[in-house]
Amino acid sequence: MTKYYTADYILPITIPPIKNGVIGLDEDGMVLGVHYPGDQQIIDKSVTKLDGLLIPGFVNGHCHLELSHMLGKVPRETGLPEFLTTVMADRSANEQAITKAMKEADRKMFENGIQAVGDHANTAISAEVKAESPIHYHTFVEMLGFDPEVAEQRVDQARDVEYYFEPQRTSITPHAAYSCSRKLLRSLSGKVDADNIFSIHNQESDEENKFFRYKKGAFLDFYAKNNISHEHVTANGKNSLQNCVQFLPSENSLVLVHNTFTAPKDIDYVSRIGRDVYYCLCPKANLFIEGKLPKVQNFVLAKQRLMIGTDSLASNDTLDILEEIKTLCNAFPEFDFETIISWATINGAKALRIDETYGSLDVGKKPGLVLIKNVKALALTPDSFVERIV
Ligand SMILES: [Zn+2]
């Protein structure tokens, strides 16, 4: 039986908001119709009336579910190299504790209106939780290896981890410019299919840029402390992004995550070399680790495609896309909610290539149905919160 809902506004995302619109879904949550008020098709139907904005479920573009047990364990605003050292030293815990934390994080994400997640993994520990979840996961199995000697084995190791996630969606991906040698990046040519999406931590800290430009800054201490050799890198005056992207196979699409210290010339560079790219913003994690936000205007001016992620509970106190949107709305009042909501829904779905099912309230999709309450017309208030309807 079709269930009908109405609210102050329906935001289908792919068409403008509909004031007092009505949406019909079947028992499986498939959208059967989006109607304007007064539509003859719905005139005699029983419609549930809700207060607020009805939107599709969110797409969380970047997360690390397997770090959920690290909530509250890492100090704030230490800068990225120190953050990485702490996570590497303290991430081990017993399997039960990790699984319990992942289940709780997964449950909360669903409750917070999240329908799909791009999730990074170093191990297969999250495979079971993901298989049982109502959330759609695309797992990016990370490769790390700054020593050129380990390049070949890292690809094989990532493939081994990927195997445990079958039949879920997966890709293998380099972790970041500062953690993967050129040799490792180059070795991916011929080893990945064209539909393998890469999701790379990019310019999360200015120290990354300093390292590649001048071989100076806090990454030198980080490598020394963690016994990682950087002899094979020569300073070349270019930012970290330009020291990474060009070595990846050219046909694969990219999600670049964080971009806190990405300059207009970096954005131009990526466009010029013709990469298919989405830029993922994780504002609360950026404030947590570096105390800074990316210059979002630069991406919008350059007409780039943005999406939104939460990052992990090691660098965030919630996995809640609405909280990320509130942070962006406060910091960048020039962008309205209607613009930002498309980053958090359809753009993320397109980047993960799941927009046939997720990211908008279009007929035939099963995108979830989420109500945002305590709003002022089409704008959020500090008290806005999410209620999952479907
Ligand atoms: Zn991350």
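About the cut-offs
- Residues numbered from 1 in each chain as written.
- Predicted model: local features only at pLDDT ≥ 70, side-chain atom pairs only at ≥ 80, totals over all residues.
- Heavy atoms only, no water.
- Salt bridge = Lys/Arg side-chain N within 4 Å of Asp/Glu carboxyl O.
- Buried < 20%, exposed > 50% of the residue type's maximum accessible area, 1.4 Å probe, protein only.
- Helix = DSSP H or I, 4+ residues; strand = E, 2+ residues; numbered from the N terminus.
- Arc of directions from axis to C-beta.
- Contact = heavy atoms within 4.5 Å.
- Donors = N, O, S within 2.8 Å, 3.2 Å for Na, K, Ca; no water.
- Phe/Tyr/Trp six-rings, centres within 6.5 Å; stacked < 30°, edge-to-face > 60°.
- Lys NZ or Arg CZ within 6 Å of the ring centre and 35° of its normal.
- Pairing = 2+ DSSP bridges.
- 1 Å grid on protein atoms, 1.4 Å probe; cavity = no way out; pocket = protein on both sides within 12 Å on 5 of 7 lines; lining within 4 Å.
- Points joined across faces, edges and corners; volume = space filled by probe spheres on them.
- Nonpolar A, V, L, I, M, F, W, Y, C, P; charged D, E, K, R; others polar.
- Core = buried A, V, L, I, M, F, W, Y, C linked by side-chain atoms within 4.5 Å.
- Domains from an automatic or database assignment.
- Axes fitted to C-alpha atoms, helices over the stretch in contact; angles between N-to-C directions.
- Parallel < 35°, antiparallel > 145°, perpendicular 65-115°, else oblique.
- Disulfide = S-S within 2.5 Å.
- Buried area = accessible area lost by both parts, 1.4 Å probe.
- Polar contact = N/O pair within 3.5 Å; in protein donor to acceptor, adjacent residues only side chain to side chain.

- The name given to the protein chain in an unreviewed UniProt entry is Amidohydrolase family protein, with the source organism recorded as Sphingobacterium corticis.

A few points about the pattern of salt bridges
So, point 1. Per the stated rule, a full pass over the model turns up 16 salt bridges.
So, point 2. With a closest N to O distance of 3.8 Å, Asp 44 and Lys 45 form a salt bridge.
So, point 3. On the basis of relative accessibility, which here comes to 63%, the residue Asp 44 falls in the exposed class.
So, point 4. Given the relative accessible area of 36%, Lys 45 is considered partly exposed.
So, point 5. Lys 365 serves as the salt-bridge partner of Asp 362, at 3.9 Å between the closest nitrogen and oxygen.

Here's the deal with helix H8 (residues 264-272)
Side chains that are three or four residues apart share a direction in an α-helix, a result of its 3.6 residues per turn.
So, point 1. Among the residues of H8, those classed as buried are Asp 266, Ile 267, Tyr 269 and Val 270. Viewed end-on, H8 has its buried residues packed into an arc of 160 degrees, placing them on one side of the element.
So, point 2. Where H8 is buried, its residues meet strand E14 (277-281) and helix H10 (296-301).
So, point 3. Directly beyond the C-terminal end of H8, a positive phi value near 75 degrees is found at Gly 274.

Describing the coordination of the zinc ion
So, point 1. Protein-derived coordination of the zinc ion comes from His 62 (NE2), His 64 (NE2) and His 201 (NE2), at a distance range of 2.1 to 2.2 Å.
So, point 2. On the primary sequence, the residues serving as donors to the zinc ion are separated as H-x1-H-x136-H.
So, point 3. Accessibility expressed as a relative area gives 8% for His 64, which makes it buried.

What about the packing of aromatic side chains?
So, point 1. The final tally for this structure, using the stated rule, is 12 aromatic pairs.
So, point 2. With 6.2 Å between their ring centres and 55 degrees between their planes, Phe 146 and Phe 211 make a pair best called tilted. A residue pair is termed long-range when its members are at least 10 positions apart, and Phe 146 in the loop between strand E10 (136-143) and helix H4 (151-163) and Phe 211 in helix H6 (residues 206-214) qualify at 65 residues. One exposure class covers both Phe 146 and Phe 211, and it is buried.
So, point 3. Ring geometry for Phe 211 against Tyr 223: centres 5.1 Å apart, planes inclined by 65 degrees, an arrangement best described as edge-to-face. A residue pair is termed long-range when its members are at least 10 positions apart, and Phe 211 in helix H6 and Tyr 223 in helix H7 (residues 218-225) qualify at 12 residues. Considered together, Phe 211 and Tyr 223 belong to a single accessibility category, that of buried residues.
So, point 4. Three or more aromatic residues link up through ring pairs in this structure, and these residues are Phe 146, Tyr 178, Phe 211, Phe 212, Phe 219, Phe 222 and Tyr 223.
So, point 5. The ring of Phe 110 carries Arg 388 above its face, with NZ or CZ at 3.6 Å from the centroid.

Focus: helix H1 (residues 80-90)
So, point 1. The complete set of buried residues in H1 reads Leu 80, Pro 81, Phe 83, Leu 84, Thr 85, Thr 86 and Val 87.
So, point 2. Packed against the buried residues of H1 are H6, H7 and helix H9 (283-289).

Details of the pairing of strand E5 (residues 31-35)
So, point 1. For strand E4 (residues 22-25) and E5, the ladder comprises 4 bridges, and the chain directions are antiparallel. Pairing of Gly 24 across the sheet is with Gly 33, part of E5.

Overview of the layout of surface pockets
Taking a probe equal in size to a water molecule and rolling it over the atoms shows the remaining empty space.
So, point 1. Taken as a whole, the largest pocket spans an internal volume of roughly 550 Å³.
So, point 2. Surrounding the largest pocket, 29 residues form its lining, Leu 84, Met 88, Glu 142, Leu 144 and His 175 being those nearest its centre.
So, point 3. Element by element, the count of residues in the lining of the largest pocket is highest for H1, at 5 residues.
So, point 4. Grouping the constituent residues of the lining of the largest pocket by class yields 14 nonpolar, 9 polar and 6 charged.

Regarding the nonpolar core
In globular proteins that are soluble, nonpolar side chains generally tend to be buried together.
So, point 1. Counting 90 residues, the largest nonpolar core has Phe 58, Met 109, Ile 325 and Trp 343 as its most contacted members.
So, point 2. Considering each element in turn, this core owes the most residues, 6 residues, to helix H12 (residues 337-351).
So, point 3. Both of domain 1 (1-56 + 360-390) and domain 2 (58-358) provide at least three residues apiece to this core.
So, point 4. With 16 residues, the next largest nonpolar core counts Val 255, Tyr 278, Met 307 and Ile 354 among its residues.

Quick word on the packing of H6 against H7
So, point 1. Between H6 and H7, whose axes approach to 8 Å, the crossing angle comes to 85 degrees. By the angle between their axes, H6 is roughly perpendicular relative to H7. Across from Glu 207, Glu 208 and Phe 211 in H6, the residues of H7 making contact are Ala 218, Phe 219, Leu 220 and Tyr 223.

Overview of the state of the cysteines
So, point 1. One pass over the structure, following the stated rule, counts 0 disulfides.
So, point 2. Cys 244 provides the cysteine sulfur closest to Cys 180, a residue in no disulfide bond, and the two sulfurs are 7.3 Å apart.
So, point 3. The structure places no disulfide on Cys 329, whose sulfur is separated from the nearest cysteine sulfur, that of Cys 280, by 16 Å.

As for empty space enclosed by the protein
So, point 1. Applying the stated criterion across every chain yields a total of 1 cavity of 30 Å³ or more.
So, point 2. Put simply, the largest cavity is a space of about 40 Å³.
So, point 3. If you go around the largest cavity, the residues you meet are Ala 177, Ile 200, His 201, Asn 202, Leu 241, Cys 244, Val 245 and Leu 256.
So, point 4. In terms of residue count, strand E12 (residues 198-202) provides more of the lining of the largest cavity than any other element does, 3 residues in total.
So, point 5. Here the residues of the lining of the largest cavity sort into 6 nonpolar, 2 polar and no charged.

Comments concerning the domain arrangement of the protein chain
So, point 1. With domains assigned, the protein chain is organised as domain 1 (1-56 + 360-390) and domain 2 (58-358).
So, point 2. Computed from C-alpha atoms alone, the centre-to-centre distance between domain 1 and domain 2 is 32 Å.
So, point 3. Contacts between the two partners involve 22 residues from domain 1 and, on the opposite side, 21 residues from domain 2.
So, point 4. Both sides together, the interface formed by domain 1 and domain 2 hides about 1700 Å², and carbon and sulfur atoms give 67% of it.
So, point 5. Interface area lost by domain 1 to domain 2 is led by Ile 13, Leu 380 and Arg 388, which between them contribute 33%.
So, point 6. Linking domain 1 with domain 2 are 0 salt bridges.
So, point 7. On the surface where domain 1 and domain 2 come into contact, there are 8 residue pairs in polar contact (both at pLDDT 80 or more).
So, point 8. For the side of domain 1 that touches domain 2, the elements supplying multiple residues, two or more each, are strand E7 (53-56), strand E16 (369-376) and strand E17 (379-388).
So, point 9. With 8 residues, E17 is the single largest residue contributor to the side of domain 1 that touches domain 2.

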